[in-house]
Every structure is written in C-alpha cells, then in structure tokens.
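Coordinate inspection notes
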Amino acid sequence: MTHAAPPLLVVEDLRTHFFTRRGVTRAVDGVSFTLHAGETLALVGESGSGKSVTCLSLVRLVPEPAGRIVGGRVMFAGEDLLQKSPLTSLNPALTIGTQVGEVVRLHQGLRGASLRERVLDSLRRLRIPAADTRLGHYAHQFSGGMRQRVSSAIALSCAPRLLIADEPTTALDVTIQAQYLELLKDVQASAGVAVILVTHDFGIVAAIADRVAVMYAGRIVEMGSTLQVFDNPSHPYTRALLRCLPDVALKRQQLVEIGGQPPDLARLPPGCPFAPRCPERQAVCDEAFPATVDVARGHTASCWAVPARTPA
C-alpha cells in the first residue's frame, strides 16, 4: 500500500527500561515503525514481548519510578509525544456522563448544552442504547461489552486521530467480540482514525489489520502487510506463532507449541534472543543480533537465516 501523505505517527528507536534490584529489564529495546491515517497496525507476540509497554510508552504512561523511557522519539503529526504530559484514564467512581464529559470539557472547551450534546453523540456513535438515560449510570451497571463501548466513546469523544487498543476484546464472548470489531471498523472508516491494535488473536489480526509487527523480547522481529506476514512468514518466530493456530482440518492432532520460554529481559543473551528456541539456529545467532533486512517491499525481518531482497 502506498501513501501520498506522510505518516501520522513515526516511532524511532524507542527504548523503555525498568530498573529493579534484579537489574535493568529492557522491555522495549529499539522499536521503530510508522503509521498512516486510517491504517491499523497490529502488534503481536507472546506475553512479555513488549507490546503493551510499547503502547504505554507512546503516551508516557510507563509505571514509575521503576519504568523509564531512556531513548527514542515518538513523532505524532510533527510533534514529539515524549515531550507532552501523560494522559489520564477511566475513573470507575464517576458516572459515564461525567467521564465522557470531562474529556470533552478539558480538550474541547465545551460547556452546558453543547457539552451534553457532544457526550450523547459520542455514546450514540458507539451504539449505546438509551444514551440520554445512561449518562447517569456507573460502570457496574453496564455489561462487559457495553463497558468496552463506553471506553471507546471516551477515547473517540474528542475526534482523535490515533486510537491505541490494547487487547480490546479480552473477556468478551465471540458474538460481542465480533460486534465490537465491526463497530471499531465502522468508526475508523468514518473518521479516518489510525489504530494500533495489541492482540494475541490472529483471527482478529486477519480481519481488521492492514499491517502486522511481530514482537519478541522487546523488539520488532518481523513487520509487513497482513497478507505478507500470513502468506510468507519469514522469521522463525513468526512461523512458530502461526503454527500454533488451531486447524479444523487436523481434528485428531495435538496443538503445536513453541518449545522453551521467552528470555529474561534483565539477562538477555548477546545474540538473537530467540536463538535458544529456534530450530534454525546458527553459530552467528549466539554472537550478535541480526540486522533488519528487506524481505520484500514493505516487508522486513531480523534474522540471520533470512536472505535480503535483491533490488529490482
């Protein structure tokens, strides 16, 4: 996919470390990517790979004092987000109307009838029924699916250009999950919102993501369009993740698992962190982290076993 406009978000060599008694945990260790308006980028990988900490770093919500952004830039529409004040999150002690209204009042300066109308519009866009009645309700009076919609209404109430959705369908049943994802796509299409999606569900990735970034040990080890990554997974870790997906055609066969455990991020090996678990391990894998190479146009991987693309 080609884009005439410059990227909305440019992340360059982002590094976030946690300083503990055990040592320095490099939770995010040199992450770089771009995101255009209206595009969805999925961050995938096992738990502890750095997906959520990457997203927290973008909006400066890394837990302090242990967590610290130690390097990199996050440029959003030409401004460095790392120089901005962190945002606030949902307060469960307030009514839904108050929570949505607070964001609109602070960022849009609306008051009175205009504020109420904007709040109602935000709730209606997310298809929350009887929105005018629901303004006075609290979070515990909503189902799990509706609470997720309210959170999205708050996020979208100020017409944002970027939405970060970290496991947005967790704990939702399959039907509600499908409804929520369809709603997210509709809102994105109508408003041109860019989305960073964190998920373990490759079905969701296939359904709504334009591009995929596979993370392991705080780094992006493969990135490309969803079609490129699914049809031609180039990093051994990506192939291992995809092999773990259940296949209805193999009813009697056991599920495949990735052997071993993810590395201790406070004691990373000098070479490729996936090497101890990799079936394609070479001697060089234990010596240095591989450079990122172009597999195809817009498709990159960081692996010694991946040959670089020959320029046309």
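It should be emphasised that the depicted structure is a prediction, and the values quoted were computed from it without experimental measurement. (Residues numbered from 1 in each chain as written. Predicted model: local features only at pLDDT ≥ 70, side-chain atom pairs only at ≥ 80, totals over all residues. Heavy atoms only, no water.)

Focus on the confidence of the model for the protein chain
Where we set the bar: Note on scores: pLDDT gives the predictor's confidence for each residue, bounded by 0 and 100. A run of H or I in DSSP counts as a helix once it spans at least four residues, and a run of E counts as a strand once it spans at least two, with each numbered from the N terminus.
In the predicted model, the protein chain carries a mean pLDDT of 86, and 93% of its residues have values of at least 70. Per-element averaging of pLDDT across the protein chain places helix α5 (residues 144-156) at the bottom with 75 and strand β8 (residues 211-216) at the top with 98.

Brief notes about the sheet that holds strand β2 (residues 23-35)
Note the cut-off: For two strands to be treated as a pair, DSSP must find at least two bridges joining them. By definition in these notes, contact holds between two residues if any of their heavy atoms fall within 4.5 Å. Whenever a helix is involved, its axis is fitted only over the stretch in contact; in every case the axis is a line through C-alpha atoms, and angles between N-to-C directions fall within 0 to 180 degrees.
What the 4 strands build is an open sheet, ordered β2-β1-β4-β5; its pairing is antiparallel. Edge positions in the sheet fall to β2 and β5 (79-80), since each of these pairs with one other strand and no more. When strand β1 (residues 9-20) meets strand β4 (residues 67-76), the two strands line up antiparallel, connected through 8 bridges. Within β4, the residue paired with glutamate 12 across the bridge is arginine 73. Helix α1 (residues 51-58) contacts β1, β2 and β4 of the sheet and is inclined by roughly 110° relative to β1.

What about the packing of helix α2 (residues 96-108) against helix α3 (residues 112-125)?
The condition that has to hold: Crossing handedness is read from the near helix: turned anticlockwise from the far helix by less than a right angle, it gives a left-handed crossing, and turned clockwise, a right-handed one. Residues were grouped as follows: Ala, Val, Leu, Ile, Met, Phe, Trp, Tyr, Cys and Pro as nonpolar; Asp, Glu, Lys and Arg as charged; and all remaining residues, including Gly, as polar.
Where α2 contacts α3, the two axes come as close as 9 Å, and the packing angle between them is 115°. Between α2 and α3 the crossing geometry is right-handed. The segment α2 lies against α3, with Ile96, Gly97, Val100, Gly101, Val104, Arg105 and Gln108 engaging Leu115, Arg118, Val119, Ser122 and Leu123. Within the contact of α2 with α3, the residues separate by chemical class into 6 nonpolar, 4 polar and 2 charged.

Some points on the sheet that holds β8
In spatial order, the strands read β6-β7-β3-β8-β9-β11-β10; together these 7 strands make up an open sheet with mixed pairing. Edge positions in the sheet fall to β6 (162-166) and β10 (292-296), since each has one partner strand and no second. Strand-to-strand, the axes of this sheet are offset by a mean angle of 20°, without reference to chain direction. Where β10 meets strand β11 (residues 299-302), 4 bridges bridge the pair, whose relative direction is antiparallel. Bridging across to β11, valine 293 finds its partner in alanine 301. Sheet contacts for helix α9 (residues 236-243): β8 and β9 (219-225); angle to β8, the most-contacted strand, approximately 105°.

Details of unusual backbone geometry
Operational definition: For every residue, the accessible area obtained with a 1.4 Å probe (protein chains only) is divided by the maximum for its type, and the residue is called buried under 20%, exposed over 50%, and partly exposed between those limits.
Going from glutamate 64 to proline 65, the amide bond is cis rather than trans, its omega being 10°. Counting through the fold element by element, proline 65 comes out in the loop between α1 and β4. One non-glycine residue, aspartate 13, adopts positive backbone phi at about 50°. By secondary structure assignment, the location of aspartate 13 is in strand β1. Here aspartate 13 falls in the partly exposed class, since its relative accessible area comes to 35%. Positive phi, close to 50°, is recorded for alanine 130, a residue that is not glycine.

Focus on α2
Keep this limit in mind: Take the number of residues in a helix, subtract one, and multiply by 1.5 Å to get its expected span.
Taking 1.5 Å of rise per residue, the 13 residues of α2 would be expected to cover 18 Å, and the 18 Å separating its terminal C-alpha atoms lies within 8% of that figure. The set of residues buried in α2 consists of Ile96, Gly97, Gln99, Val100, Gly101 and Val104. The secondary structure elements touched by the buried residues of α2 are α3, α4 (131-134) and α5. Just downstream of α2 lies glycine 109, where phi reads positive at about 70°.

A few points about the packing of aromatic side chains
Condition: By convention, a stacked pair of Phe, Tyr or Trp rings (six-membered ring in the case of Trp) has centres within 6.5 Å and planes under 30 degrees apart, an edge-to-face pair has planes over 60 apart, and any other such pair is tilted. Definition used: whenever NZ (Lys) or CZ (Arg) falls within 6 Å of the ring centre and also within 35 degrees of the ring normal, the charge is taken to sit over that ring.
As enumerated under the stated definition, the model contains 4 aromatic pairs in all. An aromatic cluster is built from Tyr216, Tyr237 and Phe274, whose rings are joined through pairwise contacts. Note that arginine 68 overlies the ring of phenylalanine 19, its terminal NZ or CZ placed 4.1 Å from the centroid. Residue placement shows arginine 219 over the ring face of phenylalanine 289; its charged tip is 3.9 Å from the ring centre.

A few points about the pairing of β9
Along β9, 5 of the 7 residues are buried, which leaves the element largely enclosed by surrounding structure. Bridge analysis of β8 against β9 gives 6 bridges, and the strand direction is antiparallel. Bridge pairing in β9 links valine 212 to glycine 224. What sits between the antiparallel neighbours β8 and β9 is a turn of 2 residues, in which alanine 217 has the positive phi angle 55°. In the sheet, β9 pairs with β11 via 2 bridges, with the strands oriented antiparallel. Counterpart to glutamate 222 in the pairing with β11 is alanine 301.

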